[in-house]
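Below are the chains, spelled out letter by letter.
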Amino acid sequence: MASKRKRRMRSLTDILNEGGESKSLWVQLPIDILVTIALFLEKKDAVEFCATCKAWALVAPLIRQAQATKLPPLLLLLPPQVDGTCELFDVTSRKTHFIQVSPEILLKTTELLYSKDGWLLATGNGTTFFLNPFTKQKIHLAIFLAPEPAFLCAFSSQPLLPDCLVFFIRSLYPNRVQIEMYRVQTQKTTDATFRNEKPFVQASSTNPVFCNGYFYCLGKDGKLGVFNPTHLVWSIWSPRTDPVLKKSQVKYLIQSRGELFVACESGAKVRVFWLERSNLRWTEMKKMEKRMLFLHSQSSFLAGTSHLDEQSGNRIFFPRMRRYTRKCCVSYSLDTCRYHPSRELFECRNFDSEMVLRPMWIESEGFDP
């Protein structure tokens, strides 16, 4: 009896080697989407995934960092001390870490604009630059971002990656918006002015975020300004919104694993909403399961607590500087709907009552405690 011929499964590598239009589409997938896919794979499959083509090989160091990182976002306190020492606080373990940065890199005149993937976007002394405080890498931009009252900014990915974009809004009015986009690899700037199809007033308490290839800006009434950097298209989304979210004056826009979230302060409570894309509406979340929120006007993060105990979830942290005191951070629980006792606040060790500290959350990629 003739043996059955085994059917050979075609691998993705075989498909890409054939070339054609299908290869181009796969190779051009955004870096953040590739990393998200790879993180769901087993270690062996992730290695083969990165070896598929040269473009996908770029995500290998990002995957290693994400898999090795167990710490949540850390609270970075600036400016550093005279010797260049900066404090990093882990709110989950209440441990303080110290890192050395060059004092001239982060002067008292330096202003932090945004934080993502362990990198800071900062401006000062007539220059704008990326800084990784863990690896000490610094990348100067060919443009100067001078913060203004209506200034908002974000960047799409690590500046070492070829598709890194810096997105910033120079001016924003209810009927029009002026947008500039800087491509780090080519050092080219694209600027455009768009008329808003609907009245849109940006929420001044939060920066834009980059998610699934688009930049999103949060409006005061819960609307979203959406910018497509590939086709240079600006549009306004109007999700159905809870009255509390619409009236709240302090809002934070967060992206995590391709999803958008908004946290807002309403009186003595904090409410969290998730964008339900299928119905285009903000849906309130009573529980975040094993996740925590780290909120700040420049950059906010949603992080898992799988390596911690179950009681660590459903908590929200704010860096709150109080003059003439060493208290630097407060927390809120979605379980009790209350702020935690003052004994749990982080106390800055290198405190100077004359110094104006500038706290910011920074993701711990590349940090080895």
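Bear in mind that the values here come from a model prediction, so they are computed numbers and not experimental data. (Residues numbered from 1 in each chain as written. Predicted model: local features only at pLDDT ≥ 70, side-chain atom pairs only at ≥ 80, totals over all residues. Heavy atoms only, no water.)

J.: Help me understand the overall build of the chain in this model?
T.: If you tally the helices and strands in the chain, you get seven helices and 26 strands. In the chain, which comprises 369 residues, the proportion classed as buried is 49%. Relative to all contacts within the chain whose residues are 6 or more apart in sequence, the contacts with residues 24 or more apart total 48%. Surface exposure of the chain reaches about 18,900 Å², of which carbon and sulfur atoms provide 51%. (Helix = DSSP H or I, 4+ residues; strand = E, 2+ residues; numbered from the N terminus. Buried < 20%, exposed > 50% of the residue type's maximum accessible area, 1.4 Å probe, protein only. Contact = heavy atoms within 4.5 Å. Areas by Shrake-Rupley, 256 points an atom, 1.4 Å probe, with all protein chains shown as cover.)

J.: Before we go on, may I ask you to explain unusual backbone geometry in this structure?
T.: What you tend to see is this: most non-glycine residues have negative phi, and most peptide bonds are trans. One non-glycine residue, L280, adopts positive backbone phi at about 50°. Within the secondary structure layout, L280 lies in the loop between β18 (269-276) and β19 (281-284). Phi at C337 is positive, roughly 55°, even though this residue is not glycine. Tracing the chain through its elements places C337 in the loop between β23 (327-333) and β24 (338-339).

J.: Just to check I follow, could you spell out the packing of aromatic side chains for this structure?
T.: The geometry of an aromatic ring pair is captured by two quantities: the separation of the ring centres and the angle between the planes. Under the defined criterion, the tally for this structure stands at 14 aromatic pairs. For the ring pair F130 and F155, a centre distance of 4.9 Å and an interplane angle of 85° mean the geometry is edge-to-face. Here F130 is found in strand β6 (residues 127-132), whereas its partner F155 is found in strand β8 (residues 152-155), with 25 residues between them in sequence. Relative accessible area serves as the criterion here: at 0%, F155 is assigned to the buried category. A centroid spacing of 5.7 Å and a plane angle of 70° characterise the contact between Y216 and W237, whose relative ring orientation is edge-to-face. Here the residue Y216 occupies a position in strand β13 (residues 214-218), and W237 occupies one in strand β15 (residues 233-237), the gap between them amounting to 21 residues. For Y216, a relative accessible area of 2% puts it in the buried group. (Phe/Tyr/Trp six-rings, centres within 6.5 Å; stacked < 30°, edge-to-face > 60°.)

J.: When you look at helix α3 (residues 31-38) in this model, what are you seeing that I'm missing?
T.: Since the α-helix packs 3.6 residues into each turn, any two residues three or four apart lie on the same face. Every buried residue of α3 is accounted for by I31, L34, V35 and A38. The arc enclosing the buried residues of α3, seen along the axis, measures out at 100°, which places them on a common side. (Arc of directions from axis to C-beta.)

J.: Please clarify how the pairing of strand β14 (residues 224-228) should be interpreted in this entry.
T.: Strand residues, when the strand is regular, have side chains that alternate between the two faces of the sheet. Of all five residues that make up β14, five are buried, and the element is covered over most of its length. Side chains L224, V226 and N228 project from β14 onto one buried face, and the interleaved G225 and F227 project onto a second face that is buried too. As judged from the four bridges shared by β13 and β14, these two strands associate in the antiparallel manner. Looking across to β14, one finds that C217 is bridged to G225. Count of turn residues in the β13/β14 antiparallel hairpin: five residues, of which G222 carries a positive phi of about 95°. Examined bridge by bridge, β14 and β15 share five bridges and lie antiparallel to one another. Paired with F227 across the two strands is W234, which belongs to β15. (Pairing = 2+ DSSP bridges.)

J.: Could you clarify how one ought to interpret the pattern of salt bridges in this entry?
T.: Side-chain pairs of opposite charge can arise whenever the charged atoms involved come near each other. A complete count under the given rule lists six salt bridges for this structure. Taking the shortest distance from any N to any O, the salt bridge between D242 and R271 comes out at 4.0 Å. Of this pair, D242 sits in the loop between β15 and α7 (243-247) while R271 sits in strand β18, placing them 29 residues apart in sequence. The exposure class of D242 is partly exposed, given its relative accessible area of 22%. Linking K286 and E284 is a salt bridge whose minimum nitrogen-to-oxygen distance equals 3.6 Å. By relative accessible area, E284 is classed as partly exposed at 24%. Via salt bridges that share partners, D242, R271, E284 and K286 belong to a single interconnected network. (Salt bridge = Lys/Arg side-chain N within 4 Å of Asp/Glu carboxyl O.)

J.: Please explain the sheet that holds strand β9 (residues 165-173) as it appears in this structure.
T.: In spatial order, the strands read β8-β9-β10-β11; together these four strands make up an open sheet with antiparallel pairing. Edge positions in the sheet fall to β8 and β11 (188-195), since each of these pairs with one other strand and no more. Each adjacent strand pair in this sheet contributes to an overall mean axis angle of 15°, direction not counted. (Axes fitted to C-alpha atoms, helices over the stretch in contact; angles between N-to-C directions.)

J.: Would you mind going over the environment of M360 with me for this structure?
T.: Here M360 is to be found in strand β26 (residues 358-362). Among the residues examined, M360 registers a relative accessible area of 1% and is labelled buried. Taking the C-alpha atoms as reference, M360 lies 8.2 Å from L74; in sequence the two are 286 residues apart. Excluding residues that lie within four positions of it along the chain, M360 makes contacts with L74, L75, L76, L112, L113, Y114, S115, L120, H296, Q298 and S299.

By themselves, these are just geometric observations and shouldn't be taken as functional.
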